[in-house]
Amino acid sequence: MIYRFAEFEIDRAAYRLTRQGEAVRLEPRVFDLLVYLLEHRSRVIAKDELFAEVWQGQAVTDSVLTRAVYELRSALGDDSKQPRYLATVHGRGYRFVGEVREGVGDANPSPTPEADETPPPARPEALPSSRPSGRPRWTLWAGIGALSLLVGLAAAQLLRDPGTATSRADSAPEPERDRTTRLALLPFTTTTDDANRDLLSLSMTDLLWARLSAQPGLHVPMPDYGGGRELSSESIAAYLRDLGAEAAVTGRLAPIGAEPRARLTVELYRVDPQRGVQTLTLGGYDLPHLEDDADLAFFTRVREAIAANVIEQLGGAFSFTTGDGSSPSDPEAFRLYLEARSRLLDLTCGDREWVVNLLDRSIERDPNFGLAWLALGFAHYSQLWSCGREAEFALQALAAAERALEVSPEMSHALFLQTCVLTDLGRTEEAWQRLQGSSVRRSPQTLVARAYVLRHAGLLDLAANHVRDALELDPLVFEELGEVPLTLLYRGEYDTFLAYLPGLDSPYNLFYRGLTERLRNRPQVARELLEPAFRLNPNDLFARYSSSLLALLEGDRDAAGDIVRQVVHQRRTLAAAGGELTFKEAQLLAAAGDQRGAVEQLELAVDQGFFCSPCMASDPLLTNLTGNDAFRLAVQRAEERRARFVEATGAGSSLIPAP
């Protein structure tokens, strides 16, 4: 069946969407969504029906559907506010509203589809499970994200940049995109409940990810170690389709009698357009329990053999190098690192010293262990953002990130951390120059880092370009980093923001979910999200911001203002860094009716490196400052600082009009 609407044509049999004869790339699941909506365009389709028919009843969340709808609208050039094709019927579901013509053929066939536009493969055997559901997620950066790694504040219908009809051509030149292979790495599983084999499984997965993700031409998203995002499909084929990956690696550990060893069997799954998913066994390996240096050396050699075998089977021409910083040289250093990293998810303002001590001991035994340096940097940085501590913690985080880059120059997560810390210290131009001059290859993490600097500088359109590029490369990059796409929130793109907001229950995420619902005029939903935040961690800054916002929702402006003023006093006493946190306090104070306090925080935010003048000019929480001369001067200072940034860096120069 052929469906035609406007300048589009969709051929279900050929699994192809074209626009005026040119192929339009869609992820397979998004293509299925479009077909189902077209076939049932006479009625509104409820979410539950879409989950049942398009996702075949798989256990997926609302955010998965929201993300698919967003990607479909982006591909069609549709607008959710004035839809031409796909309309949202609030509280009910979605409906295709465009005028559709049906046919069975085409007198002017479209070009032959590319290889990656072929029909989806048949479903093979069931997908191996990741890890027991109750185990905490061991993803370093998602754990730090739960402790408020990065922050900002929302705004609705933000003032666009002057001359804001920007395109990708307006941004700083990007290197031409290389052809990359996306590889999914599923955590290795164990056949029995044994602490030693659990450690082996996590260790091998962790080190193999670090090794493979550093290879040019290969993109390997951070594995989900269980307890966080649920696997979104029941088969390898569906999983690869959902992730947009071309291959997946997984393995199983089994005991070897009563010996302190385990047998690791590794498999590679590849998508073949003609034959579906192929399964290749990459070999079996006997692993020791990491009790001494010889065990660790053997363990690392096995890791190298697996990585080389994966690359060979994928057909890539990669050369492995030594000393990449992901391989520890001391088993005790590795054990200390793993123990510390397992606690990063639950790190609070009171137990930082315990984690830092473990990492210091790990680094003392192995000074060139890059992953330990990176974990140490995030442990220091979390104190700045979740606890409102002094700028000294930011300097310690910066030193750790720079050491990680020194021993492992291609570590994109270390560059991401370095960029964030420099920006939060007010060294915004330096952060941008470091990014521009870095040898780290283009990755989702570096694109998010660029967006971080640009949104602080108020270049929201350019920041949004980088956010979308990052999501195109890796739809789960924000979940991996524990970051939230605040640029989208500043631009009032609430649905998209929520779709990519990590699903962790932390004060940080609860605050942003609650704030977004408040901006969407859903106060009861906002209350339900904000109420548990303070109970989770009373000392967390975002728990206290949540309490202030909750008081505002209850109509108690005095209480809301008192809570924020206490935070302001604490951070000023400690000379804490972080201009975006200061901006947040300005917004809450303004909403509480404290105009003088709000303007003082806005001025301080500019001094601290957050000079997003479009954010200040039209933020909904700052509306009662309109007409205030001091507020107008604060916005003018931000705009002048923004112009100096553009002059110094050249970023977004085409968007800033001449004085």
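What you are looking at is a predicted structure, and each value in this text was computed from that prediction instead of being measured. (Residues numbered from 1 in each chain as written. Predicted model: local features only at pLDDT ≥ 70, side-chain atom pairs only at ≥ 80, totals over all residues. Heavy atoms only, no water.)

*Asks:* Even after reading the chapter, I still don't get the sheet that holds strand β5 (residues 45-46), so can you show me in this structure?
*Replies:* An order of β5-β7-β6 is seen for the 3 strands of this open sheet, with the pairing classed as antiparallel. Because the sheet does not close on itself, it has two edges, and the strands there are β5 and β6 (86-89). Helix-sheet contacts for helix α1 (residues 28-39) involve β5, β6 and β7 (93-96), and the interaxial angle to β7 is about 70 degrees. (Pairing = 2+ DSSP bridges. Helix = DSSP H or I, 4+ residues; strand = E, 2+ residues; numbered from the N terminus. Contact = heavy atoms within 4.5 Å. Axes fitted to C-alpha atoms, helices over the stretch in contact; angles between N-to-C directions.)

*Asks:* Can you walk me through the packing of helix α21 (residues 541-553) against helix α22 (residues 557-573) in this structure?
*Replies:* Any two packed helices are characterised by how steeply their axes cross, that is the angle between the axes, and by the distance between the axes. Running from amino to carboxyl end, α21 crosses α22 at an angle of 160 degrees, the nearest separation of the two axes being 7 Å. Compared by their axis directions, α21 and α22 come out roughly antiparallel. For α21 against α22, the interelement crossing comes out left-handed. Where α21 abuts α22, its residues L541, R544, Y545, S547, S548, A551 and L552 lie against R557, A559, A560, I563, V564, Q566, V567, Q570 and R571. Grouping the amino acids of the contact of α21 with α22 by side-chain chemistry returns 9 nonpolar, 4 polar and 3 charged. (Parallel < 35°, antiparallel > 145°, perpendicular 65-115°, else oblique. Left-handed = near helix turned anticlockwise from the far one by under 90°. Nonpolar A, V, L, I, M, F, W, Y, C, P; charged D, E, K, R; others polar.)

*Asks:* I keep staring at the sheet that holds strand β4 (residues 22-23) and nothing clicks. Help me out?
*Replies:* Within a sheet, adjacent strands bond to each other through the backbone by hydrogen bonds, running parallel or antiparallel. Reading across from one edge, β4-β3-β2-β1-β8 is the order of the 5 strands in this open sheet, with antiparallel pairing throughout. Both edges of this open sheet fall to β4 and β8 (101-103), since each of them pairs with a single strand only. Bridging between strand β1 (residues 2-5) and β8 involves 3 bridges; their strand directions are antiparallel. Each bridged residue has a counterpart across the sheet, and for I2 the counterpart in β8 is G103. Packing against the sheet, α1 makes contact with β1, β2 (8-11) and β3 (16-19), and its axis sits at approximately 100 degrees to β2.

*Asks:* Is there a simple way to explain the environment of A245 in this structure?
*Replies:* Secondary-structure assignment places A245 in the loop between α6 (236-243) and β12 (247-255). Classification of A245 by relative accessible area gives buried; the value is 9%. In this structure the C-alpha to C-alpha distance between A245 and T181, which are 64 residues apart in sequence, comes to 7.5 Å. Setting aside residues up to four positions removed in sequence, A245 forms contacts with R182, A184, L240 and V271. (Buried < 20%, exposed > 50% of the residue type's maximum accessible area, 1.4 Å probe, protein only.)

*Asks:* How should the packing of helix α19 (residues 507-519) against α21 be read in this particular structure?
*Replies:* Interhelical geometry of α19 versus α21 gives an angle of 25 degrees and a closest axis separation of 8 Å. On the basis of their axis angle, the class for α19 and α21 is roughly parallel. Here α19 and α21 pass one another in a crossing that is left-handed. Note on element contacts: α21 touches α19 through F542, A543, Y545, S546, L549 and L553, opposite P507, Y508, F511, Y512, G514, L515 and R518.

*Asks:* Just checking my understanding: could you explain the side chain of R527 for this structure?
*Replies:* Among the structural elements, R527 can be located in helix α20 (residues 523-536). Of the residues examined, R527 reaches a relative accessible area of 18% and is grouped as buried. Residues contacting R527, with those up to four places away along its chain left out, are L550, L553 and E554.

*Asks:* Just to check I follow, could you spell out the side chain of T516 for this structure?
*Replies:* Mapped onto the fold, T516 is located in helix α19. Within the local environment of T516, its side chain forms a polar contact with the backbone oxygen of Y512, the two atoms lying 2.6 Å apart. Excluding anything up to four places from it in sequence, T516 contacts L489, Y494, F497 and L498. (Polar contact = N/O pair within 3.5 Å; in protein donor to acceptor, adjacent residues only side chain to side chain.)

*Asks:* Is there a simple way to explain the packing of aromatic side chains in this structure?
*Replies:* In this description, an aromatic ring pair is defined by two values, namely the gap between the centres and the angle between the planes. In this structure the tally under the stated criterion is 17 aromatic pairs. Plain terms: the ring middles of Y85 and F96 are 6.3 Å apart, the flat faces sit at 20 degrees to each other, and that makes the pair stacked. Placement of Y85 in the loop between α3 (62-76) and β6 and of F96 in strand β7 is noted, with a sequence separation of 11 residues between them. On the basis of relative accessible area, F96 is assigned to the buried category, the value being 3%. Put simply, the rings of F497, Y508, F511, Y512, F542 and Y545 touch in pairs and so form one group of aromatic residues. (Phe/Tyr/Trp six-rings, centres within 6.5 Å; stacked < 30°, edge-to-face > 60°.)

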